Amino acid sequence: NLIYLVLITAFFSSCTSIKMAKLLNHGKVQEGEFLNEVPFEYRMGLIILKVTINGQEYDFLYDTGAPNVISEELAKTLDINPFVINKTGDSQGKKEELEYVIIDKITIGEIDFIETGAAVADLQKSSVIACLKIDGIIGANLMQKAIWQIDYTNQVIRVSHSTASFDLKDGIHVQFTQKFSGTPIVDVNVNGVTEKNVTIDTGSNGDFGLSKNVYKQSRAIDSTANTAFGIGTTTSGLFGVGAADTIYYMAVPTLSFGGVELTNQVANFKGSHATTIGNEFFKNYDVTYNYFEKEMILTKRKEADISSLNSFGFTYFFSEDKLTISLIIENSPADQKGITRGDQIIDINGTNYSEMNSDLWCELLNQNLLRTSNSLNVTILRDGEQITHQLEKKNLLD
């Protein structure tokens, strides 16, 4: 399955660090006491909120793994002077210099967030992020001014000044620390091995994305867990698609963080610049973020099958007007049919992708066929020959 990460981390030089610290800690909530419920929609497994700036409504991604971001187009509309310019990296390790500004007021529901900092970025640079059709990102530096509860089941976010607004008696309390930008991080125990500083990332539609080093240490302790691996890329950050890598998948015998204890939880492991826990895991809970006490509270709402990796064994990306295979998992249905990385896809289930464009790409992403379908007819073009394969999804960790 495709996983998209929107994780921004800043690299500070000595001359800008004081300004960046001031900007990311700036801001306040105008209301003294408040409780508001704000609906959201899912787009590609990510949370999209309506916000109001200068009387106009915009679509923003709700992303605990990033600071506030606004698009270059919105920055021009608001006509804000830059507060500081700073080199910034995304989840794939790509770096660019971005302007950072202070926004006078962002209204979410009926709550006004005053003078919070934001990066200005090209949200069309990644073909994946462009399909979200967002104007910006609500990030952790704004979130830390309030308490937030994400109700994934009913697709609402509740925002308050106090945890007394919520029923948390059955919740599991997990302490976190914070990055410079306010992003919450936790240590995750993987089969007796500690993965430090894992990002709590609602800007990811995946579950557990951890490091290759922890995978190797865990396998050295217990080599009996079911595993699979693939070569390629499944991820996109703010500045584009990640580099090809070997990605391992494992049903981890024991995995825990804070008071959350899981058995046979599927996780993926790679040499990533970011380790994360995303919405695919958190959607089974109501998740309350109490930034004042540096803890999140997870209240379970549904059971999920966490031990299976049901997959066709490939992913794809759109590049240079072509839809191409970007990852193949060994011994998967796709691998057994002879599909390889770099193959051009020209048809899926009767839809022609031989002349690929951004509209077709976004439509394909929103359909999410790799996750929602159990069978696919995929036609590839190789050396001028069209080859059609019928693929049936299977559990790759059996």
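Just so you know, these numbers come straight off a predicted model, no measurement behind them.

Overview of the overall build of the protein chain
Then step 1. Assigned secondary structure in the protein chain consists of nine helices and 35 strands.
Then step 2. For 398 residues, the compact-globule estimate of 2.2 N^0.38 gives 21 Å, and the protein chain sits close to it at 21 Å.
Then step 3. Looking at the protein chain residue by residue over its 398 residues, the buried ones come to 57%.
Then step 4. Of the charged side chains in the protein chain, 33 are positive and 49 negative; the average position of the first set lies 4 Å away from that of the second.

Quick word on the environment of isoleucine 328
Then step 1. Its location among the elements puts isoleucine 328 in strand 30 (residues 322-329).
Then step 2. When its relative accessible area of 11% is taken as the criterion, isoleucine 328 is described as buried.
Then step 3. The sequence separation of isoleucine 328 and phenylalanine 312 amounts to 16 residues, and the corresponding C-alpha distance is 9.1 Å.

Looking at the nonpolar core
Then step 1. Core analysis: the largest hydrophobic core is formed by 64 residues, its most contacted members being Trp148 and Phe257.
Then step 2. The greatest single-element share of this core, amounting to five residues, is contributed by strand 23 (residues 245-257).
Then step 3. Apart from the residues lying within four places of it in its own chain, the contact partners of tryptophan 148 are Tyr62, Ile108, Phe113, Leu142, Met143, Ile157, Arg158, Val159, Val287, Thr288, Tyr289 and Tyr291.
Then step 4. With 49 residues, the next largest nonpolar core counts Phe314, Ile345, Leu360 and Ile380 among its residues.

Remarks on unusual backbone geometry
Then step 1. Positioned with a positive phi, methionine 44 is a non-glycine residue whose angle comes to about 55 degrees.
Then step 2. Of note, methionine 44 is situated in the loop between strand 5 (41-43) and strand 6 (46-53).
Then step 3. Residue asparagine 368 is not a glycine yet carries a positive backbone phi of 55 degrees.
Then step 4. Residue position: asparagine 368 is located in the loop between helix 8 (358-367) and helix 9 (369-372).

A closer look at the pattern of salt bridges
Then step 1. For the structure on display, the rule yields 13 salt bridges.
Then step 2. For the salt bridge of arginine 158 with aspartate 151, the shortest nitrogen-to-oxygen distance reads 2.8 Å.
Then step 3. Under the relative-accessibility criterion, aspartate 151 is labelled buried at 3%.
Then step 4. Put simply, aspartate 343 and arginine 382 hold a salt bridge, and the shortest N to O gap is 2.6 Å. Here aspartate 343, found in the loop between helix 7 (333-336) and strand 31 (344-348), pairs with arginine 382, found in strand 33 (residues 375-382); they are 39 residues apart in sequence, far enough to count as distant.
Then step 5. Salt bridges sharing common partners tie together Glu41, Arg43, Lys50 and Asp59.

Some points on the side chain of serine 373
Then step 1. Relative to the helices and strands, serine 373 resides in the loop between helix 9 and strand 33.
Then step 2. Among residues more than four places away in sequence, those in contact with serine 373 are Phe312 and Lys393.

Observations concerning the state of the cysteines
Then step 1. For the structure on display, the rule yields one disulfide.
Then step 2. Through a disulfide, cysteine 131 is tied to cysteine 362; the S-S separation comes to 2.0 Å. Taking the sign of the S-S torsion, about -80 degrees here, the bridge from cysteine 131 to cysteine 362 comes out left-handed. Here cysteine 131 is found in helix 3 (residues 127-132), whereas its partner cysteine 362 is found in helix 8, with 231 residues between them in sequence. One exposure class covers both cysteine 131 and cysteine 362, and it is buried.

Observations concerning the sheet that holds strand 26 (residues 285-290)
Then step 1. The strand order across the open sheet formed by six strands is 4-14-13-26-27-15, and the pairing between neighbours is antiparallel. One side of each edge strand has no neighbouring strand; the edge strands of this open sheet are strand 4 (35-39) and strand 15 (172-175). Strand-to-strand twist across the sheet, computed as the mean angle between neighbouring axes with direction ignored, equals 20 degrees.
Then step 2. As judged from the five bridges shared by strand 13 (residues 147-151) and strand 26, these two strands associate in the antiparallel manner.

Cut-offs applied
- Residues numbered from 1 in each chain as written.
- Predicted model: local features only at pLDDT ≥ 70, side-chain atom pairs only at ≥ 80, totals over all residues.
- Heavy atoms only, no water.
- Helix = DSSP H or I, 4+ residues; strand = E, 2+ residues; numbered from the N terminus.
- Rg over C-alpha atoms; globule rule 2.2 N^0.38 Å.
- Buried < 20%, exposed > 50% of the residue type's maximum accessible area, 1.4 Å probe, protein only.
- Lys, Arg positive; Asp, Glu negative; His and termini not counted.
- Charge placed at Lys NZ, Arg CZ, Asp CG, Glu CD.
- Core = buried A, V, L, I, M, F, W, Y, C linked by side-chain atoms within 4.5 Å.
- Contact = heavy atoms within 4.5 Å.
- Salt bridge = Lys/Arg side-chain N within 4 Å of Asp/Glu carboxyl O.
- Disulfide = S-S within 2.5 Å.
- Pairing = 2+ DSSP bridges.
- Axes fitted to C-alpha atoms, helices over the stretch in contact; angles between N-to-C directions.

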